[in-house]
Amino acid sequence: MHETNSVITPIRPLTPELERRVERNPLLHIDTFVIPSPYVKDSEIEKDYRHSYVWIEEDEILGFVLVYSDRVKRNFHIYKLVTSPFGRGRGIGTLFIEHLARAIPAESTLYLYVWEKQADTLEFFQRKGFAVGKTTVYRNLIYYHMHARREQIKTDGVSPSALRQVFSEEIGRTRHDAKKTIRLLAHMVEMLSIDNCGRIIEDINRETTTLINILNAFRDTVSSTHAVNVKDLILERIIPYIEASSVPCSVKLTLDTESTDVLGYYVNFGRALVNLVANALEAIAAAERKGVIEIELCEEGPYLALRITDNGTGIDPALLEVDEDGYPAFVGKTTKGRRKGEGLGTVQIYSTFGVENISVESMVGDGTSWVIRLPKAGDRLDRWFIKLEQRFHELKTIAERTLLRKESCRTEVVAYIWQLRKIQLYLFDLILQFGKYHNVRTIFRSVLAFLMGRLEDSALQSEIDALRSDYPQLKSRLMETAVEIKSRFEHLHNSVDCSLYRGAMFKSYGQAMNNVIIFTLDPANGRFYATDRKLAEHLDFVPYLDRERDELLRGEFIGDVNELPQPIVLGVWSVESDSDLREKLRLLREGARKLIEIGVYGEKNLSFYRTTHVRHGREIDSDRATTLARFASCTDEELWEFTTEASDELGEFLSALE
């Protein structure tokens, strides 16, 4: 009981004053589709402050839930449920729902609408006891209606603290194994010499691969995957639906594959295929003949191809013509000459599987054949594919709805920057998916050159076209996302003075909570460029900062920049002499001051890289730690305390190679 109280202490009732703070907080308005319901559908309900809550820690709002209710307090509508990027993964959403379920009256109902692309959110509420009801269309998007009576909502699941304990134990085991490998690597580096470098390098490569496998194994244990068995889906949902129909129809099923698992979401796939066969049955009924529906599943490279053919009336050729986005004219329209409002089933089919994965052939009087490509569930790349697709569609919709104007207020500009950074982080993850066949750093350098205006669209397109991938659509996603980011950066620079928003541009990388973000900083003016460590070296950004390498700083951080104990790391590339070392210390001090100037807290911990090239008896002490503020206030004499005798054994070897 004590643990439960301590867990929910940060939850406070929403008040008009707190609501105004929420509205002014750009971190709580980054995601257009965090849940939200498309609109408050019932005109009889009104905002319910008593059953709306915020999550506050150290006076910072990390999340909120906004609820509407009817006057008799029997129906409660979850209008928005939002968690700050710096509060995600901590179970805040779960605790909001459980707290709300305990607070509402007995026999009352909670309901909400979930965008059909948000499969994770759909599954989250299903796990909490919510049922999926009818779909509704709002602004050409499909939403699921989800509902649960108070007694149906599960409040006895594993607590976030218990989950954190499980993951902490797993992290402990992973840390132990990783440390052993790192110690072995360090020992190999100590043994490295000109005589044995070939053998030692091979050993280092082997042990590095082992370390990567350890870390990937841990990542897989905390990553959600969802494999759908298409054969089971057909046997459990589709064939029973056909057999229960009043339309006389036989079914022919052919399985020409041993593996029938694909990546996706069972509920989405089931609804889409039911819509498809429902249309087929209506077409058969209109043809007034004994129906036959043939279902065939076969392999097609990294996909399974699902073909569904009927002998109905067919589709008019004019309705098969596709628009510039590849959608046939019949999508969203009824092909059966019935009342207005039909045709939504085809919208749901295309939104579930994607226009690039669907082909339709039809002949009037003979019938229609649909072919749907489904990504097979296989290796680790496969398991991330559906996540990337989901994020692509979500971010594309966000991008379409978010624009800046010259008169936009600061909050709107900051929210725009955080949304833009979210798209950029998606681009980083997308590039990593090409690592199976290519050097991702080479790809990133090309994309960076394009974003900086040093590579033409056509040249980047040619490079992307030449890439190898198990999923060809990843290439089009990569190009489209890069073009979108470049356009939005140009829009940002044309709309505001970006030098006034460097703090938001720096901190917004913290949305990649578990990624190591490296950056190269010009301490004279605060300009910087950053990316995921796996994609680049600090030197890759030097040509774009218009300064020599040794006039710049290299750095890195992980997660929320406002999390004070997690350090920012700063460093330089070389130390040539005593005077050069003093100059580099002053450069680091200026970097610390510039970070504080753009909005990083002075209490943020600071540590230092080991200098790459040391040709002097002293170097910067990478074992020393301080804070940005303390280091920024050091005198020249005090800076010398952050130096140590150089360990030059490996340096001499590197110098010999140079």
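Residues numbered from 1 in each chain as written. Predicted model: local features only at pLDDT ≥ 70, side-chain atom pairs only at ≥ 80, totals over all residues. Heavy atoms only, no water.

A look at the pairing of strand E14 (residues 358-363)
- When E14 meets strand E15 (residues 367-375), the two strands line up antiparallel, connected through six bridges. Residue pairing across strands places serine 362 opposite threonine 368, the latter belonging to E15.
- Linking E14 to E15, which pair antiparallel, is a turn of three residues; within it glycine 365 sits at a positive phi near 95°. (Pairing = 2+ DSSP bridges. Helix = DSSP H or I, 4+ residues; strand = E, 2+ residues; numbered from the N terminus.)

Regarding a nonpolar patch on the surface
- There is a patch of nonpolar side chains on the surface, built from Leu235, Leu253 and Leu255 and spanning about 220 Å² of accessible area.
- Within the fold, leucine 253 resides in strand E10 (residues 249-256).
- Take leucine 253: its relative accessible area is 33%, and that puts it in the partly exposed class. (Patch = residues over 30% accessible without salt bridge, like charges linked within 9 Å, V, L, I, M, F, W, Y side chains within 5 Å. Areas by Shrake-Rupley, 256 points an atom, 1.4 Å probe, with all protein chains shown as cover. Salt bridge = Lys/Arg side-chain N within 4 Å of Asp/Glu carboxyl O. Buried < 20%, exposed > 50% of the residue type's maximum accessible area, 1.4 Å probe, protein only.)

So, helix H7 (residues 230-244)
- In this model H7 runs 20 Å from its N-terminal to its C-terminal C-alpha over 15 residues, within 8% of the 21 Å that 1.5 Å per residue would give.
- Considering bend angle alone, the principal kink of H7 is centred on isoleucine 238 and spans about 30°; proline proline 240 follows within four residues of it.
- Its side-chain oxygen 3.0 Å from the backbone nitrogen of lysine 231, asparagine 229 forms the N-cap of H7. (Expected span 1.5 Å × (residues − 1). Bend = angle between axes of the 7 residues up to and from the residue. Polar contact = N/O pair within 3.5 Å; in protein donor to acceptor, adjacent residues only side chain to side chain.)

Considering the pattern of salt bridges
- A full pass over the atoms with the stated rule returns 25 salt bridges.
- The partner of arginine 610 in a salt bridge is glutamate 619, with the nearest N and O atoms 4.0 Å apart.
- Here the salt bridges share partners, and the residues they tie into one network are Arg549, Asp550, Asp580 and Lys584.

Considerations on the sheet that holds E10
- If you trace the five strands from one edge of the open sheet to the other, you get E10-E12-E13-E15-E14, paired in mixed fashion. Two strands bound the open sheet, and with one partner strand each, they are E10 and E14. In this sheet, neighbouring strand axes are inclined to one another by 10° on average, regardless of whether the strands run parallel or antiparallel.
- With eight bridges connecting them, E10 and strand E12 (residues 291-300) associate as parallel partners. Paired with serine 250 across the strands is valine 292, a residue of E12.
- Running at roughly 175° to E10, H7 makes contact with E10, E12, strand E13 (303-310) and E15 of the sheet. (Axes fitted to C-alpha atoms, helices over the stretch in contact; angles between N-to-C directions. Contact = heavy atoms within 4.5 Å.)

Some words on the pairing of strand E21 (residues 605-608)
- Of the strand pairs in this sheet, strand E19 (residues 568-571) and E21 are connected by three bridges, and their pairing is parallel. The residue of E21 that forms the bridge with leucine 570 is phenylalanine 608.
- Note: E21 against strand E24 (residues 625-627), three bridges, orientation antiparallel. Paired with leucine 606 across the strands is threonine 626, a residue of E24.

Some remarks on unusual backbone geometry
- You will see that lysine 73, though not glycine, has its phi angle at about 60°, which is positive.
- Of note, lysine 73 is situated in the loop between strand E4 (60-69) and strand E5 (75-83).
- The phi dihedral of glutamate 107 falls on the positive side, at around 65°, and the residue is not glycine.
- Residue glutamate 107 is classed as exposed on the basis of its relative accessible area, which comes to 54%.

With respect to the packing of aromatic side chains
- Counted under the stated rule, the structure contains 24 aromatic pairs.
- Centroid distance phenylalanine 330 to tryptophan 370: 5.8 Å. Interplanar angle 70°. Geometry classified as edge-to-face. With phenylalanine 330 in the loop between helix H9 (317-320) and helix H10 (344-353) and tryptophan 370 in strand E15, this pair connects stretches of sequence that are 40 residues apart. Each member of the pair, phenylalanine 330 as well as tryptophan 370, carries the same accessibility label: buried.
- Centre to centre, the rings of phenylalanine 519 and phenylalanine 557 are 6.1 Å apart; their planes meet at 45°, and the pair counts as tilted. Taken together, the residues phenylalanine 519 in strand E16 (residues 516-521) and phenylalanine 557 in strand E18 (residues 553-558) connect sequence positions 38 residues apart.
- Here the aromatic residues Phe428, Phe444, Tyr529, Phe541 and Tyr544 are joined through ring pairs into a cluster of three or more.
- The ring of phenylalanine 392 is capped by arginine 477, whose NZ or CZ atom sits 4.0 Å from the centre of that ring. (Phe/Tyr/Trp six-rings, centres within 6.5 Å; stacked < 30°, edge-to-face > 60°. Lys NZ or Arg CZ within 6 Å of the ring centre and 35° of its normal.)

Brief notes about the nonpolar core
- Grouped together as the largest cluster of nonpolar side chains are 84 residues, with contacts concentrated most on Ile431, Leu478, Leu492, Phe506, Phe519, Ile568 and Leu595.
- Setting aside residues no more than four positions away along its own chain, isoleucine 568 makes contact with Phe506, Phe519, Glu556, Phe557, Val561, Leu595, Val600, Lys604, Asn605, Leu606 and Ser607.
- Ranked by size, the runner-up nonpolar core spans 37 residues in total, among them Val228, Ile242, Val355 and Leu374. (Core = buried A, V, L, I, M, F, W, Y, C linked by side-chain atoms within 4.5 Å.)

Concerning the sheet that holds E24
- The six strands lie next to each other as E17-E16-E18-E19-E21-E24, forming an open sheet whose pairing is mixed. Every other strand in the sheet has two partners, leaving strand E17 (528-532) and E24 as the edge strands with one partner each. Strand-to-strand twist in this sheet, taken as the mean axis angle between neighbours without regard to direction, amounts to 25°.

Quick notes on the environment of isoleucine 443
- You can see isoleucine 443 is positioned in helix H13 (residues 440-451).
- C-alpha of isoleucine 443 to C-alpha of leucine 535: the two residues are 92 residues apart in sequence and 8.5 Å apart in space.
- Once you skip the residues sitting within four places of it in the chain, isoleucine 443 turns out to touch Ile431, Phe434, His438, Leu467 and Leu478.

Looking at the packing of helix H14 (residues 457-465) against helix H15 (residues 473-495)
- Taken N-terminus to C-terminus, the directions of H14 and H15 make an angle of 155°; their axes are 9 Å apart at the nearest point. As far as their axial angle goes, H15 and H14 are roughly antiparallel. Considering only the axes of H14 and H15, their crossing is right-handed. The segment H14 lies against H15, with Asp457, Leu460, Gln461, Ile464 and Asp465 engaging Lys475, Leu478, Met479, Ala482 and Lys486.
- Among the residues forming the contact of H14 with H15, the class breakdown is five nonpolar, one polar and four charged. (Parallel < 35°, antiparallel > 145°, perpendicular 65-115°, else oblique. Left-handed = near helix turned anticlockwise from the far one by under 90°. Nonpolar A, V, L, I, M, F, W, Y, C, P; charged D, E, K, R; others polar.)

Thoughts on the environment of glutamate 407
- If you trace the backbone, glutamate 407 turns up in the loop between helix H11 (380-401) and helix H12 (410-432).
- Classification of glutamate 407 by relative accessible area gives exposed; the value is 59%.
- Taking the C-alpha atoms as reference points, glutamate 407 and valine 496, separated by 89 residues in sequence, lie 9.1 Å from one another.

As for the packing of H13 against H14
- Closest axis-to-axis distance for the H13/H14 pair is 10 Å, and the angle between their directions is 165°. Judged by the angle between their axes, H13 and H14 are roughly antiparallel. Crossing angle aside, the handedness with which H13 passes H14 is left-handed. Between H13, through Ser446, Val447 and Phe450, and H14, the contact on the second element is made entirely by Asp457, Leu460 and Glu463.
- When the residues that make up the contact of H13 with H14 are grouped by side-chain class, the tally is three nonpolar, one polar and two charged.

Some details on the confidence of the model for the chain
- When pLDDT is averaged along the chain, the result is 82, and 81% of the positions lie at 70 or above.
- Ignoring residues within four places in sequence, the model shows residues 1-8, a span with pLDDT below 50, making five contacts including any to other chains.
- pLDDT under 50 marks residues 649-658. Its contacts with residues more than four places away, or in other chains, come to nine contacts. (pLDDT = per-residue confidence, 0-100.)

Looking at the side chain of histidine 538
- With respect to the helices, strands and loops of the structure, histidine 538 is situated in the loop between E17 and E18.
- When its relative accessible area of 6% is taken as the criterion, histidine 538 is described as buried.
- A polar contact of 2.9 Å, which involves the side chain of histidine 538, links it to the backbone oxygen of glycine 555.

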